[in-house]
Amino acid sequence: MARRSFDDETLAWVREMPLSQVLDKLRDDGQLFWRRDPDFVPEKDKGSPQKTENKAR
């Protein structure tokens, strides 16, 4: 895969866009195949540390 560079203005514009909009644009331009999976449910990785709430004492 070739590495592509973008100018600062283009990068700033893309970074302000929602991810789904960027993915849709790449898909529509034929650069990427993707589709939403409404049934996807992420599983907790048992090896990752548990998130704890930071409570003031």
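A quick note: this is a predicted structure, and the numbers were derived from the prediction, not measured. Here the residue numbers are simple positions, counted from 1 along each chain's written sequence. Local features are withheld for residues below a pLDDT of 70 in this predicted model, meaning they are given only at 70 or higher, and side-chain atom pairs are given and counted only at 80 or more; totals for whole chains, interfaces and linings count all residues. Values shown for side chains rest on all heavy atoms present in the structure; no hydrogens or waters enter the calculation.

A.B. asks: Even after reading the chapter, I still don't get the environment of Leu 32, so can you show me in this structure?
C.D. replies: Among the structural elements, Leu 32 can be located in the segment after helix H2 (19–28). Judged by relative accessible area, Leu 32 falls into the partly exposed class, the value being 34%. Throughout, a contact is declared for two residues whenever any of their heavy atoms are within 4.5 Å. In contact with Leu 32, not counting residues within four places along its chain, are Leu 23, Leu 26 and Arg 27. Secondary structure follows DSSP: runs of H or I at least 4 residues long count as helices, runs of E at least 2 residues long count as strands, and numbering of each begins at the N terminus. Burial classes: relative accessible area under 20% of the type maximum marks a residue as buried, over 50% as exposed, and values in between as partly exposed (1.4 Å probe, protein chains only).

A.B. asks: Is there a simple way to think about H2 in this case?
C.D. replies: Three or four residues apart is the spacing at which side chains of an α-helix point the same way, because the helix has 3.6 residues per turn. Three or more residues of H2 are buried, namely Val 22, Leu 23 and Asp 24. Of the surrounding secondary structure, the elements contacted by the buried residues of H2 are helix H1 (8–15). Of the residues one or two after H2, Gly 30 is the one with positive phi, at around 75°.

Everything listed here is a matter of coordinates, which is why it stays silent on function.
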